[in-house]
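Listed below, chain by chain, are the residues.
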Amino acid sequence: MSADLWNSAAAVLDSNWSRDHMVPSRRLYPHQWSWDAAFIAIGLAYVNPTRAWRDLRSLFDAQWPDGRVPHIVFDPRTPEGAYFPGPAFWDVPAYAGRPARGSTGLTQPPLHAIAAWEIYRRAVSHGAVCAREAGEQLAWLYPRLVAQQDYLSGRRDAGGDGLASIVHPWESGLDNSPSWDATLAAVPADLGLLRRFHRRDLEVADAAHRPTDLDYARYLGLVLDYRDGGYADTDLAHRHAFVVECPAFNSILAAAELALAHIAGVVGADAGTHRRRAREITEAISRRLYDETTATFRARDVRTRELSPARCINGLLPLMLPDLPADRAAAVMAEAASPRFGLPRDTGLPVPSYDRTAPGFDPLRYWRGPIWINMNWLLRRGMLVHGYRDDAEDLRLAMLRLVHGSGHYEYFHPVTGEGIGAPAFSWTAALTLDLLADRSVPAYAHAA
């Protein structure tokens, strides 16, 4: 299995490379996506580290002056009609020497520091020359990664809780997750927008697998509201309809600080500041997003101060954090092992994106039930961080069996394991390489 899977994953990454960046998939996602680039770089480093660094640098070349890293960087060679919403819809002005309409105004989970450290760690194992070159890449990225963290921890702390807020479901990476249902219910859905603007995704993907028109109308309305406000982050809780603290987004934010502590040691910066920030974010997640009644982490609506009633996979990701109290870590593992999700020892499959027992569980529709390799990859890291080694190995093998049997799909049916969404999907291929090659505990597990 290993050799065939390795070769097929490497072939996907080779076919999806586009001059200076990786596309998630050729047909459905023809530009560069932010957190995709981070996941992809982690696996790409095994087969082409030069491209792995180039992909990250290409993304950060599009960083805004305020520190935000856009969730899509548009390829100017790709026609406007190849993807919607495209450059004209976002209408981002020129910035930092970049032409207008070159990116979106949203951001995504800041996994990039983790990716940069993982690429560097592998380079060091290949000798002094590779380590020196990788150190130069880290030196270029470090101030940009810090600016990204500062933006999210500062301008995006809309609730004043020490947590970053997302202003659109797309920023979470878990677009139509039930985590956002309660908040989105209060967002007007102008279906007229779908008559004005054509959904390109439904031309290349099954409508049963994608967000509904009602959701999509709300997504477009939220973009227009944020865009028409100049993509400003002032007074978000009072003027914008969607302001949410996501446990996965903030767990990645904290884990990125721990990765930056390691990077700081290489580039000669202060590592202590990053470790302190990671502890503070971890404490805020535990304090603000943990539901004592159900012993689960949940998303919080900043405007209403209410926790989402939905149990979703983003609530399992605080397990990534070494400073998470042991009782909270045990609660996450109990939730993951329960019939609501199920671990491979019981199901034979990785963890689904949503509570299997919930009335709205949908095995086909994007983030409302299907299995995603990237989230399971993050969950496995959390298991390793907190010493659940056997469960982590079970999950690693379950992911590899799934991809080997079904292919490098975007996501997978949570009962049959059938591949769904885009085939030849880059982060599935990249993370497959990492799962085949690396069984070590994340370095930041020891940062506490």
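All values derive from a computational prediction rather than experimental measurement.

A. Here's a closer look at the nonpolar core. The biggest cluster of nonpolar side chains holds 154 residues, and the ones touching the most others in it are Trp 180, Met 375 and Leu 378. With 13 residues, the top contributor of residues to this core is helix H13 (residues 247–267). Each residue touching Met 375, except ones within four places of it in the same chain, is listed here: Trp 35, Leu 174, Ala 248, Ile 313, Asn 314, Leu 317 and Trp 367.

B. A look at the packing of helix H18 (residues 389–406) against helix H19 (residues 426–437). Relative orientation of the contacting elements H18 and H19 amounts to 135 degrees, with a least axis distance of 10 Å. With respect to H19, the axis of H18 lies oblique. In the crossing of H18 with H19, the sense of the turn from one axis to the other is left-handed. Of the residues in H19, those touching H18 at Arg 396, Met 399, Leu 400 and Val 403 are Thr 428, Thr 432, Leu 435 and Leu 436. Of the residues in the contact of H18 with H19, the class split is five nonpolar, two polar and one charged.

C. Geometry of the environment of Val 47. As for its position among the elements, Val 47 is in helix H2 (residues 34–47). Residue classification places Val 47 among the partly exposed residues on the basis of a relative accessible area of 35%.

D. Structural detail: helix H1 (residues 2–15). Between its first and last C-alpha, H1 extends 20 Å over 14 residues, near the 20 Å set by a 1.5 Å rise per residue. Listed in full, the buried residues belonging to H1 are Leu 5, Ala 9, Val 12 and Leu 13. Viewed end-on, H1 has its buried residues packed into an arc of 95 degrees, placing them on one side of the element. Those residues of H1 that are exposed and aimed more than 90 degrees away from the buried face are Ala 3, Asp 4 and Asp 14.

E. Just unusual backbone geometry, in detail. Cis geometry marks the peptide bond from Phe 84 to Pro 85, where omega comes out at 0 degrees. Backbone geometry places Asp 235, a non-glycine residue, at a positive phi of 55 degrees. Mapped onto the elements, Asp 235 comes out in the loop between helix H11 (213–228) and helix H12 (236–239). The class for Asp 235 is partly exposed, based on a relative accessible area of 48%. For Arg 305, which is not glycine, the phi torsion reads 65 degrees and is therefore positive. Residue placement: Arg 305 occurs in the loop between strand S8 (300–301) and helix H15 (326–337). Exposure remark for Arg 305: the relative accessible area of 32% places this residue in the partly exposed category.

F. Spatial organisation of the pattern of salt bridges. Inspection of the entire model under this criterion finds 34 salt bridges. The closest approach of N and O atoms between Asp 66 and Arg 68, which form a salt bridge, is 2.8 Å. Residue class for Asp 66 comes out buried when judged on its relative accessible area of 19%. The buried category is assigned to Arg 68, whose relative accessible area is 3%. Arg 199 is the salt-bridge partner of Asp 201, the closest N and O atoms lying 2.8 Å from each other. Since its relative accessible area comes to 7%, Arg 199 is described here as buried. The network of salt bridges with common partners includes Glu 118, Arg 121, Arg 122, Arg 381, Asp 434 and Asp 438.

Reading the values: the criteria
- Residues numbered from 1 in each chain as written.
- Predicted model: local features only at pLDDT ≥ 70, side-chain atom pairs only at ≥ 80, totals over all residues.
- Heavy atoms only, no water.
- Core = buried A, V, L, I, M, F, W, Y, C linked by side-chain atoms within 4.5 Å.
- Buried < 20%, exposed > 50% of the residue type's maximum accessible area, 1.4 Å probe, protein only.
- Helix = DSSP H or I, 4+ residues; strand = E, 2+ residues; numbered from the N terminus.
- Contact = heavy atoms within 4.5 Å.
- Axes fitted to C-alpha atoms, helices over the stretch in contact; angles between N-to-C directions.
- Parallel < 35°, antiparallel > 145°, perpendicular 65-115°, else oblique.
- Left-handed = near helix turned anticlockwise from the far one by under 90°.
- Nonpolar A, V, L, I, M, F, W, Y, C, P; charged D, E, K, R; others polar.
- Expected span 1.5 Å × (residues − 1).
- Arc of directions from axis to C-beta.
- Salt bridge = Lys/Arg side-chain N within 4 Å of Asp/Glu carboxyl O.

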